[in-house]
Amino acid sequence: MRLAANLTIKQTFLCIAGLFAALIAAIVVARYFQEQAVDARAGAYRQAHASYLLADEFRQSSDDLTRLARTFAVTGNPRYEQQYLEVIAMRSGEKPRPAEPHRIYWDLVLDNAVRPRGAGETKALLTAMKEAGFSEQEFAKLGQAAAKSDGLVALETRAMNAAKGLFADGSGQYTVKKERDLNLARELLHSPDYDRMKAEIMKPVDEFFGLVEARSNALLEATGTTLDRIQWIFNLLLGTLVALMLATGALIASRVIRPLAAIKTSIDGLSNGELETPIPQTGRHDEVGAVAGALLLFRDKLVQIRALEAQERAEAATRAARAEAMSRVVSDVGEVVAAAADGDFS
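The present account deals with the structure reproduced in this document. (Residues numbered from 1 in each chain as written. Predicted model: local features only at pLDDT ≥ 70, side-chain atom pairs only at ≥ 80, totals over all residues. Heavy atoms only, no water.)

So, on to the packing of helix α6 (residues 149–164) against helix α7 (residues 182–189). One can describe the packing of α6 onto α7 by two numbers: an axis separation of 7 Å at closest approach and a directional angle of 160 degrees. Classified by the angle their axes make, α6 and α7 are roughly antiparallel. The handedness of the crossing between α6 and α7 is left-handed. Every residue of α7 that contacts α6 at Leu155, Glu156, Arg158, Ala159, Ala162 and Ala163 is listed here: Leu182, Leu184, Ala185, Leu188 and Leu189. Within the contact of α6 with α7, the residues separate by chemical class into 9 nonpolar, no polar and 2 charged. (Axes fitted to C-alpha atoms, helices over the stretch in contact; angles between N-to-C directions. Helix = DSSP H or I, 4+ residues; strand = E, 2+ residues; numbered from the N terminus. Parallel < 35°, antiparallel > 145°, perpendicular 65-115°, else oblique. Left-handed = near helix turned anticlockwise from the far one by under 90°. Contact = heavy atoms within 4.5 Å. Nonpolar A, V, L, I, M, F, W, Y, C, P; charged D, E, K, R; others polar.)

This is the structure in structure tokens:
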């Protein structure tokens, strides 16, 4: 406020206008970054959601393989084997995955010729996961699961071939044809070894889920922190703008409105002939001070004029008194002369 008192009103309001312009520009910039942060936050949510859907698709396809292999071993129905092989082909990218693969699919396939939804993109599940931004650490967990899946696949292959009446020859190929053995197939796919190998595979998959969740939460937290910080700055700028508006109003009241009201009171007093009316704000060095100074000079001129008028009235009265005295003298002289002419010398 002391600095403002040393500036003219024009300079003060130019400074205030500059502050308003800078604040508005800062608010616009903060608003831009706020929108960017909101978009980043929304993108983080989308990425987290997409990562979860792909991870869940991986888990669901693993469970589908187990369910289809066991169902085929129990029933010997070839459509379950066909679905089993189709799941493997979809995961590897040899066949298109279902549209919206996160939704229920194989439980709704009662006839292999009738599918609940159309085909989606032909892309290996791992490729889709790489494109979605899964980390190397997360893929390492999937690699551990894949490394432990050989024994499980071999056991499923043996069981499904037994259900078809095919058995391994000496070279490990299933070329020996016999009566199909559904009991053997069921025992293999429900044995403690199968459950153990399944658990060994799913353990790194569960850890993979934990890593995906941790990464998603970290991304959401980072974007949330950035958004909160920008929101705080934005609110601070808005608060500063409101404070500047209030300060400007107070400055206008203190430096313009009240001083001009006081000067108007002085003008009213002078217009009523009250020349002793004090003139405020004459010590200021701005436009109001200039007005007050001009008014003071005007009052002083009025005082001088009134003094001159009083002096002229006094001089006029003196002249009138002298004239009246001369008139009396002349009258007296005239009377004496007239009397002398009449012979009256008394």
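On to unusual backbone geometry. The phi angle at Glu100 is positive, at roughly 50 degrees, despite the residue not being glycine. With respect to the helices and strands, Glu100 occurs in the loop between α3 (78–92) and α4 (125–131). For Gln281, which is not glycine, the phi torsion reads 65 degrees and is therefore positive. Checked against the element boundaries, Gln281 lands in the loop between α8 (192–271) and α9 (287–341).

Axis separation between helix α2 (residues 9–75) and α7 bottoms out at 8 Å; the angle between their running directions is 155 degrees. One element, α2, and the other, α7, form an angle in the roughly antiparallel class. At the point where α2 passes α7, the crossing takes the left-handed sense. Residues Ala69, Arg70, Ala73 and Val74 of α2 lie in contact with α7, whose contacting residues are Leu182, Ala185, Arg186 and Leu189.

This paragraph deals with the pattern of salt bridges. One pass over the full model with this rule turns up 24 salt bridges. Between Asp195 and Arg70 there is a salt bridge, with its nearest N and O atoms 3.0 Å apart. Within this pair, whereas Asp195 is found in helix α8, its partner Arg70 is found in helix α2, the two being separated by 125 residues in sequence. When its relative accessible area of 22% is taken as the criterion, Arg70 is described as partly exposed. One network of salt bridges, in which partners are shared, links Glu57, Arg97, Glu121, Lys123 and Glu131. (Salt bridge = Lys/Arg side-chain N within 4 Å of Asp/Glu carboxyl O. Buried < 20%, exposed > 50% of the residue type's maximum accessible area, 1.4 Å probe, protein only.)

The end-to-end C-alpha distance of α6, which contains 16 residues, comes to 22 Å, matching closely the 22 Å that a straight helix rising 1.5 Å per residue would cover. Directly after α6, the chain includes Gly165, whose backbone phi takes a positive value near 85 degrees. (Expected span 1.5 Å × (residues − 1).)

Turning our attention to the nonpolar core. Counting 40 residues, the largest nonpolar core has Leu54, Met129, Phe134 and Phe208 as the members making the most contacts within it. Those elements that place two or more of their residues in this core are α2, α3, α4, α5 (136–147), α6, α7 and α8. Discounting residues that sit within four places of it in the chain, Phe208 has contacts with Ala55, Met129, Phe134, Glu138, Lys141 and Leu142. In terms of nonpolar packing, the next biggest core, distinct from the first, is built from 9 residues, Ile263, Leu270, Ile279 and Val288 among them. (Core = buried A, V, L, I, M, F, W, Y, C linked by side-chain atoms within 4.5 Å.)

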